[in-house]
Amino acid sequence: MENLTQKILKEHLIKGELKAGSPIEIRMDQTLTQDATGTMAYMQLEAMGVDQVKTDLSVSYVDHNTLQNGFMNADDHAYLQSVAAKHGIYFSKPGNGICHQVHLERFATPGKTLIGSDSHTPTSSAMGMIAIGAGGLDVAKAMAGIPYRLTMPEVLEVRLTGQLQHGVSAKDIILELLRRLTVKGGVGKVFEYTGEGVKTLSVYQRATITNMGAELGATTSIFPSDEITKEFLTRQNRVKDWQPLAADPGASYDGLVEIDLSQLSPLAACPNSPDAVKPISALSQIKVDQVAIGSCTNSGYEDMMKVANVLKGKTINPNVSLVISPGSRQVLEKLIETGALSVFIKAGARILECACGPCIGMGQSPKSDGISLRTFNRNFYGRSGTLSAGIYLVSPETAAVSALTGYISDPTQLDYEDTFTAEPIFIDDSMILPPSDHPEDVEIIRGPNIKPLPQNTKMTENIDKKVVIKLPDNITTDHIAPAGAKVLPYRSNIEKLSTFVFMNNKEHFDQICKANNGGIIVAGENYGQGSSREHAALAPMYLGIKAVLAKSFARIHHANLINFGILPLEFVDKADYDAIDEMDELEVVNVPGLYEQPIIEVKDLTKNKSFKATTQLTKEDLDILMDGGALNYIRNHQ
Ligand code: F3S
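As the structure is a computational prediction, the values presented were derived from the model and not from experiment.

**Q** Explanation requested: the overall build of the protein in the structure shown.
**A** Assigned secondary structure in the protein consists of 20 helices and 27 strands. For the protein, whose C-alpha radius of gyration is 23 Å, the value lies close to the compact-globule estimate of 26 Å for 638 residues. By principal-axis analysis of the C-alpha atoms, the protein measures approximately 70 × 55 × 55 Å. Counting every position in the protein, which comprises 638 residues, the buried fraction comes to 64%. By sequence separation, contacts in the protein at least 24 residues apart represent 77% of the contacts at least 6 residues apart. Looking at the protein as shown, the accessible area adds up to about 22,300 Å², and 49% of this sits on carbon and sulfur atoms.

**Q** It is not clear to me how the sheet that holds strand β10 (residues 189-194) should be interpreted in this structure. Could you clarify?
**A** Strand pairing in a sheet is mediated by backbone hydrogen bonds. Such pairs are either parallel or antiparallel. In space, the four strands of this open sheet follow the order β11-β10-β9-β12, with parallel pairing throughout. This sheet does not close on itself; its edge strands, each paired only once, are β11 (220-222) and β12 (255-260). Across the sheet, the axes of successive neighbouring strands diverge by a mean angle of 20 degrees, strand direction being ignored. Here strand β9 (residues 154-161) pairs with β10 via six bridges, running parallel. Across the sheet, residue R159 finds its bridge partner in β10, namely T194.

**Q** I tried to follow the sheet that holds strand β1 (residues 13-15) on my own but got confused; where do I start?
**A** Reading across from one edge, β1-β2-β8 is the order of the three strands in this open sheet, with antiparallel pairing throughout. Strand pairing shows two members of the sheet lacking a second neighbour, β1 and β8 (148-151), which therefore form its edges. With direction set aside, neighbouring strand axes in the sheet form an average angle of 40 degrees. For strand β2 (residues 23-26) and β8, the ladder comprises four bridges, and the chain directions are antiparallel. Each residue of the ladder has a partner; that of I24, found in β8, is L150. Along the sheet, helix α1 (residues 4-12) contacts β1 and β2; its crossing angle with β1, the most-contacted strand, is approximately 60 degrees.

**Q** Help me out: how do you make sense of the site of the ligand in this one?
**A** H64, H100, D118, H120, S295, C296, C356, C359, I360, N377 and R383 make up every residue found near the ligand. According to the grid-proximity analysis, the pocket containing the ligand is the largest cavity. Counting the residues that make up the shell around the ligand, at least three belong to each of domain 1 (4-263) and domain 2 (267-413).

**Q** Sorry if this is basic, but what is going on with the packing of helix α2 (residues 35-47) against helix α3 (residues 71-87) here?
**A** Packed helices, taken two at a time, are described by their axes: the angle between them and the distance between them. The N-to-C vectors of α2 and α3 enclose an angle of 45 degrees; their axes lie 10 Å apart at closest approach. Our classification of the angle between α2 and α3 gives oblique. Between α2 and α3 the crossing geometry is left-handed. Taken together, the residues of α3 that come into contact with α2 (itself represented by D35, G38, T39, Y42, M43, L45 and E46) are D76, H77, Y79, L80, V83 and H87. Counted by class, the contact of α2 with α3 contains six nonpolar, four polar and three charged residues.

Cut-offs and rules
- Residues numbered from 1 in each chain as written.
- Predicted model: local features only at pLDDT ≥ 70, side-chain atom pairs only at ≥ 80, totals over all residues.
- Heavy atoms only, no water.
- Helix = DSSP H or I, 4+ residues; strand = E, 2+ residues; numbered from the N terminus.
- Rg over C-alpha atoms; globule rule 2.2 N^0.38 Å.
- Buried < 20%, exposed > 50% of the residue type's maximum accessible area, 1.4 Å probe, protein only.
- Contact = heavy atoms within 4.5 Å.
- Areas by Shrake-Rupley, 256 points an atom, 1.4 Å probe, with all protein chains shown as cover.
- Pairing = 2+ DSSP bridges.
- Axes fitted to C-alpha atoms, helices over the stretch in contact; angles between N-to-C directions.
- Near = heavy atom within 4 Å.
- 1 Å grid on protein atoms, 1.4 Å probe; cavity = no way out; pocket = protein on both sides within 12 Å on 5 of 7 lines; lining within 4 Å.
- Sits in = over half its atoms within 2 Å of the grid points.
- Domains from an automatic or database assignment.
- Parallel < 35°, antiparallel > 145°, perpendicular 65-115°, else oblique.
- Left-handed = near helix turned anticlockwise from the far one by under 90°.
- Nonpolar A, V, L, I, M, F, W, Y, C, P; charged D, E, K, R; others polar.

Laid out in structure tokens, this is it:
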């Protein structure tokens, strides 16, 4: 009696046992990258000397940094296009859409595995596949044919019953889970959706849920592949990719969460965390300055059509700025065909490119102290580009109704059509460029923004460094390596990018590291939550960070630290965190001793005391760390 997660993993298992907590290695059929993480991943692929990718399908998307107000982004796009053509990778041009939306429409396939250098890669798991977000180096390794190593997660059953009521959406299902379980509740887990309620949800709705499973910290989330999946694939002219897939009746799970869909009401995640969830009814006095609809969470055809139904024949509140970014060119074309685009424009919306846009701080920052309602998945401090803004995460229906009233408003109270024009078929892959038939003739274009990869040195026996920063709980990768229009253009230029590290937490962090010849970071719980961006490990590596001592880590960031040769250590007694101050000199004693046992001594030389730390590392993780990171390790073992 197997659950669906076990079934797919069994088909792809290279090494290990499918027992929660055991190290396993799995074969990855597909990879995806986006431009913010992709340039680095492809430089790493080149450094590994891989000629043609070994996967069934690899796709390089450009969706994050599509602005071209300087040569840097254009340089990156040219590099990405040429490197894809040369190495057997499909290239989705800027403007074609957000990676997860396009991947869901054109490539996601039931029963397959996908690894992507973006934390919301699990969006494609709505199709009944195992899709996992990881650092770029892990994706580069998968393209090189190296199996993906992970700890076998626990598989939690999320049993859905009932049916969503008017005005309540899939976004409210995942917000309800975040309310119950918090941003740490999914760490080391897969959320497998079952029950009669599943049959009431479209693939787009399922994708909203699997997308934001990332906010729970989950390894991935998965829906069965059923008649609804078949219908979706038929409309995409891909019915040949379909197969029915579900858990065996009576399959066992490591836990159960039950949600009655008919009992849910509209919810919002309040500033500054996706799990600060409250009912919309409790927020109705809050005035709204901006509404942003789109992102990989809520930019599919159905979401856009629901927004059109709400806005039809109406105009938005004069004090609200409404921006809409359809998730893909396919969606945009459908909005034109159905007349929904005209509804948006008449209502007073501003239409943005099919890209991540405001979700990653690329334009549309709210005004100072402004309130912005967004259908996105993250509302971390500073991510919008305005530190004093308050960002609320809501469903498309809540966002649209609130744009009309100017206040956070409950869509269940408004009478609008729940149905919309049947989805017309529009398939046009002309902005997805296949790899070259003559890769030997392709020259890789390296403009001045494409700088060589920084190298790390081998790990020393003892790490003797100062604490260059001490941080609280739930530090995100946005805190460590911020995004936004000022920073993202330098994702292939680590020297420059490193000057922005912790820019909202500590001024001149890079100078402090340089003055102290690197250092150690001390942090609270769930360090490195959020995006998969490996720059949050790579830039600190460049600044000489040798260890991070935290109460706990987020999964992808933990793996990224190892990949870049930074030792992740956890306090054995969390109370020891309190005794450390910034600029204390710490000595991590006998790092190679971790091969023998997972506990290590850390001396606080400034305070003249010592405490214990621990790690959850395999032998191979330690080999990688001792070599100074995965690239050195791969080179040494080739
Ligand atoms: Fe893009 Fe935001 Fe999703 S940056 S991939 S739309 S989380």
